[in-house]
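Here are the chains, one letter per residue:
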Amino acid sequence: MIQIPDDLLPADGRFGSGPAKVRPEALDYLAMRGDILGTSHRQAPVRNLVRSVQESLAELYRLPDGYEVVLGNGGSTLFWDMAVSSLIEHRSAHGVFGEFSRKFATASARAPHLGDPVVSESAPGGIAVPEPVDGVDTYAWAQNETSTGAAAPVRRVGDGLVLIDATSSAGGMDADIAETDVYYFAPQKNFSSDGGLWLAFASPAAIERAERIKASGRWIPGILDFSAAVTNSRQHQTLNTPALATLLLLEDQLAWLHELGGMQAVAERCATSTGILYDWAEDRDVAAPFVQDPAHRSPVVATIDLDESVDAKQVIATLRANGIVDVDPYRALQRNQLRVGCFASVDPDDVQALTACLDYVIERM
Ligand SMILES: *Cc1c(COP(=O)(O)O)cnc(C)c1O
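The name that an unreviewed UniProt entry assigns to the protein is phosphoserine transaminase, with the source organism given as Tessaracoccus lapidicaptus. As its UniProt record puts it under Sequence similarities (unreviewed entry), the protein is described as follows: "Belongs to the class-V pyridoxal-phosphate-dependent aminotransferase family. SerC subfamily."

Here is the structure:
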């Protein structure tokens, strides 16, 4: 087994694309606030924690008037079913350019109460944003397709609701929230917390749509009822018990993102990290950025193809044995590839160190 010299190794070897590196300072904060664990989420201390997270998020993304920060249990995957139950009225259109954006389209296609979704698809490595279509009331795509490392623009399409999957972009890429009706995410990527929660910035139009669908008598399971989530969120609560440790880690990360200088500074930090990898790949004969069009290359998740002469699986195993973990490609993609999460918490210096480790390993294979 190749042993990488200590002086080449990054200070922190976690480069996963989700869940991702948790800052040690956040764990200190969690321990410090340990007295809140095991207390009721209906009482003031936990509701103040939820309120602090909501306010901090609203400030980070400069939420337009009337937009609300809504949250609940179940992660982004639950949010897709919630949108199918509570937000899509008759028919949705989807930009599909990887596995996550495909999952939402599939959830909509399976719903017996909705028409067949309109799907605009691009091969992995490209992007797809839906076109306006008559009869479509909801447009959906991902700002960052974590499975391929491609990033798409966030802007209004047609006159329906715009739902943006920001699970891996929120907290690492900026967006004009006024261009969306629901910008939703989970805290285990740029927000360096644990999974299990979904959060969303919701426009007045989205809230009104959910209320109208509910009033129409459609059967909506309680956990998938967006209006109920809005009612609870206005009281700084969730429908059912949330993981308090997740909220505390999220609160600490938000304070840190503000300290870094807010979204513009954070976005630059992430783009610096991925830029180091894209430049490295372009400079090496045995590597190349997977996403051809530089404009579509993700600033938070870098995917790097390796030449067939270099076995990515072996590189990944060697890195893991040296404490550098989770640079595996998305499994369904089945490519000879590295995928590196460069979320907000990842230090650009550690990404630089990673490239030196890659050179060291590849030269000796
Ligand atoms: C990670 C991810 C998801 C899934 O999030 P869960 O909280 O595990 O459900 C969805 N969409 C994108 C773009 C992701 O990166």
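(A) A look at the site of the ligand. In the vicinity of the ligand lie 13 residues, with Thr-77, Thr-146, Asp-165, Gln-188 and Lys-189 positioned nearest. Thr-167 places a side-chain nitrogen or oxygen 3.4 Å from a nitrogen atom of the ligand. Between the ligand and Gln-188 there is a distance of 3.0 Å, counted from an oxygen atom to a side-chain nitrogen or oxygen. Out of a free accessible area of 390 Å², the ligand has 87% covered by protein chains. Sorting elements by how many residues they give to the shell around the ligand places helix 3 (residues 75-86) first, with four residues. A per-class count over the shell around the ligand returns three nonpolar, eight polar and two charged.

(B) View of the nonpolar core. One finds Leu-57, Tyr-61, Tyr-183, Phe-185, Phe-191 and Phe-201 to be the most contacted residues of the largest nonpolar core, which totals 61 residues. Element by element, the count of residues in this core is highest for helix 7 (residues 244-260), at eight residues. Residue-level mapping places this core at the junction of two domains, with at least three residues from each of domain 1 (10-22 + 262-363) and domain 2 (24-259). The contacts of Phe-185, once residues within four sequence positions are left out, are Leu-57, Ser-76, Ala-166, Thr-167, Ala-170, Phe-191, Leu-197, Trp-198, Leu-199 and Phe-201.

(C) Structural view of the packing of helix 9 (residues 312-321) against helix 10 (residues 348-364). For the pair helix 9 and helix 10, interaxial distance at closest approach is 11 Å and the crossing angle is 120 degrees. Classed by the angle they form, the pair helix 9 and helix 10 counts as oblique. Judged by the sense of rotation from one axis to the other, the crossing of helix 9 with helix 10 is right-handed. When helix 9 is examined against helix 10, the residues Val-315, Thr-318 and Leu-319 are found in contact with a partner set consisting of Leu-354, Cys-357, Leu-358, Val-361 and Ile-362. For the contact of helix 9 with helix 10, the per-class residue count stands at seven nonpolar, one polar and no charged.

(D) Local environment of the sheet that holds strand 7 (residues 161-165). An order of 1-9-8-7-4-2-3 is seen for the seven strands of this open sheet, with the pairing classed as mixed. Across the chains shown, the open sheet's two edge strands, defined by having one partner strand only, are strand 1 (68-73) and strand 3 (118-121). Strand-to-strand twist in this sheet, taken as the mean axis angle between neighbours without regard to direction, amounts to 20 degrees. Where helix 6 (residues 226-234) meets the sheet, its contacts fall on strand 1 and strand 9 (197-202), and the angle it forms with strand 1 comes to roughly 110 degrees.

So, how was this worked out
- Residues numbered from 1 in each chain as written.
- Predicted model: local features only at pLDDT ≥ 70, side-chain atom pairs only at ≥ 80, totals over all residues.
- Heavy atoms only, no water.
- UniProt positions renumbered as here; feature names shortened; annotations may be inferred.
- Near = heavy atom within 4 Å.
- Polar contact = N/O pair within 3.5 Å; in protein donor to acceptor, adjacent residues only side chain to side chain.
- Areas by Shrake-Rupley, 256 points an atom, 1.4 Å probe, with all protein chains shown as cover.
- Helix = DSSP H or I, 4+ residues; strand = E, 2+ residues; numbered from the N terminus.
- Nonpolar A, V, L, I, M, F, W, Y, C, P; charged D, E, K, R; others polar.
- Core = buried A, V, L, I, M, F, W, Y, C linked by side-chain atoms within 4.5 Å.
- Buried < 20%, exposed > 50% of the residue type's maximum accessible area, 1.4 Å probe, protein only.
- Domains from an automatic or database assignment.
- Contact = heavy atoms within 4.5 Å.
- Axes fitted to C-alpha atoms, helices over the stretch in contact; angles between N-to-C directions.
- Parallel < 35°, antiparallel > 145°, perpendicular 65-115°, else oblique.
- Left-handed = near helix turned anticlockwise from the far one by under 90°.
- Pairing = 2+ DSSP bridges.

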